[in-house]
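Now for the letters of each chain:
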Amino acid sequence: MHDTFRALIARKSDDGYTVSIEELNQSDLPAGGEVLVEVACSSLNYKDGLAVTARGKIIRRFPMVLGIDLAGTVVSSASSEFQPGDRVLATGQGLGETDWGGYAGMQRVRADALVPIPAALSFQQGMAIGTAGLTAMLCVMALDHAGIRPDEREVVVTGAGGGVGSIAVMLLARRGYKVAASTGRAEIEPWLRGLGASSIVPREDLARKPSALESERWAGAVDTIGGLTLATLLAQTVYEGAVAACGMAGGAELSTTVFPLILRNVALLGVSSLRTPKETRLAAWSALAHELDLSVLDASCRIEPLSRIRELSEEILAGKTRGRVVIDVRG
């Protein structure tokens, strides 16, 4: 454990806020979190990209250490739930928004935001999953709860090259679903098939204004895009199918009709991992540790230093990342 550590911190300025890497001490950490964690690594999510580049209203108070994920070792704890030496992680739960986040060598974290890292996972693997993987699992769980079972009909995953999409492809394929992966990048099609995709759907096939109802095509969907893509998915989902929607990279507005909902009994399932109850998070992380092929996960992520966070943020916002990016907070 070091007396000082680096952190990526946003500070209010006259024209918005500035983001820079600073050297901090333990005494700089805000009070409120019951558990002091020595952070091993974090991850890069779309929301992190928005915060680092100031393109989204992510940060709710200043100053703020960014990073919505973290994994590390408990140094001290005022909560009976955690002891020094415990391996823990946190995703969402206000990190990087209302509470100081994971782009730091040390952090004080609320006990209710933390969960133990499953024994099968390393710190790096925990962050290779991170918020994206947790969201993907929650989408898969939502489809399962809606009664969508593996059969001859495909389940489509949009934004399949990204963090949520790629892990959703892996999870659905491991559960026996036929998975159609939608992407606008032809060069990653072999990689998506390696994750378990049975077919590839060009992005432009879905990113368009649909008819009120179209031919039934999908048993279900995991949608990370929103906008016209989500409208098209709803119009193409089969009777009593379901769409788990968790993103808006393609737009926040949804222009559609109620026809899929009232004529085909299609369910639109909103999924967010931001404030997921701990019991659900524990169940999801247990499933992730058992169901993911960790060798495939390892091959689908890369480790990058915190010093590259600005260009990495531009990359993820431009849709140019593949799989997951783990952030070495000391790099």
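Residues numbered from 1 in each chain as written. Predicted model: local features only at pLDDT ≥ 70, side-chain atom pairs only at ≥ 80, totals over all residues. Heavy atoms only, no water.

Notes on the pattern of salt bridges
Next, step 1: Going through the model one piece at a time under the given rule, you end up with 16 salt bridges.
Next, step 2: For Arg 110, the salt bridge is made with Asp 99, and the minimal N-O distance between the two is 2.7 Å. With Arg 110 in the loop between β7 (106-109) and β8 (114-116) and Asp 99 in the loop between β6 (87-91) and β7, the pair connects residues that are 11 residues apart, well separated along the chain.
Next, step 3: According to the relative accessible area criterion, Asp 99 is partly exposed, its value standing at 21%.
Next, step 4: Residues Arg 302 and Glu 315 are paired through a salt bridge, measuring 2.9 Å at the closest nitrogen-oxygen approach. (Salt bridge = Lys/Arg side-chain N within 4 Å of Asp/Glu carboxyl O. Helix = DSSP H or I, 4+ residues; strand = E, 2+ residues; numbered from the N terminus. Buried < 20%, exposed > 50% of the residue type's maximum accessible area, 1.4 Å probe, protein only.)

Brief notes about the environment of Met 141
Next, step 1: Counting through the fold element by element, Met 141 comes out in helix α2 (residues 123-145).
Next, step 2: Since its relative accessible area comes to 27%, Met 141 is described here as partly exposed.
Next, step 3: Remark: the alpha-carbon pair of Met 141 and Val 271, spanning 130 residues in sequence, is separated by 10.0 Å.
Next, step 4: With near-sequence residues (within four places) excluded, Met 141 lies in contact with Thr 280 and Ala 284. (Contact = heavy atoms within 4.5 Å.)

Description of α2
Residues three or four positions apart in an α-helix share a direction because the helix packs 3.6 residues into each turn.
Next, step 1: The sharpest bend along α2 comes to roughly 60°, located at Gly 130.
Next, step 2: Positive backbone phi, approximately 90°, marks Gly 147, located one or two places after α2. (Bend = angle between axes of the 7 residues up to and from the residue.)

Looking at the sheet that holds strand β2 (residues 16-25)
Next, step 1: Read from one edge of the open sheet, three strands run β2-β1-β4, paired in antiparallel fashion. Sheet topology places β2 and β4 (64-65) at the edges, where each strand pairs with a single neighbour.
Next, step 2: Two strands pair when backbone bridges link them, and strand β1 (residues 4-13) and β2 are joined in this way by 10 bridges, in the antiparallel orientation. Across the sheet, the residue bridging to Ser 13 is Gly 16, located in β2. (Pairing = 2+ DSSP bridges.)

Digging into the sheet that holds strand β14 (residues 267-270)
Strand pairing in a sheet takes place through backbone hydrogen bonds and is either antiparallel or parallel in direction.
Next, step 1: Within the open sheet, the six strands sit side by side as β11-β10-β9-β12-β13-β14. Their pairing is parallel. Edge positions in the sheet fall to β11 (199-202) and β14, since each of these pairs with one other strand and no more. Pairwise comparison of adjacent strand axes, ignoring direction, gives a mean angle of 20° for this sheet.
Next, step 2: Bridging between strand β13 (residues 237-245) and β14 involves four bridges; their strand directions are parallel. Looking across to β14, one finds that Ala 244 is bridged to Leu 269.
Next, step 3: Here helix α3 (residues 163-174) sits on the sheet in contact with β9 (154-157), β10 (178-183) and β12 (218-223), set at roughly 160° to β9. (Axes fitted to C-alpha atoms, helices over the stretch in contact; angles between N-to-C directions.)

Some remarks on the state of the cysteines
Next, step 1: Per the stated rule, a full pass over the model turns up zero disulfides.
Next, step 2: With no disulfide of its own, Cys 139 has Cys 246 as its nearest cysteine by sulfur position, at a separation of 3.8 Å.
Next, step 3: Note on Cys 301: no disulfide assigned, nearest cysteine sulfur contributed by Cys 41 at a separation of 9.4 Å.
Next, step 4: Look at Cys 301 and you get buried, because its relative accessible area is 14%. (Disulfide = S-S within 2.5 Å.)

Overview of the pairing of β1
Successive side chains on a regular strand alternate, one facing one side of the sheet and the next facing the other.
Next, step 1: Connecting β1 to the antiparallel partner β2 that follows it, the hairpin turn spans two residues.
Next, step 2: Pairing of β1 with β4, which is carried by two bridges, proceeds in the antiparallel orientation. Residue pairing in the sheet places Ile 9 in a bridge with Val 65 of β4.

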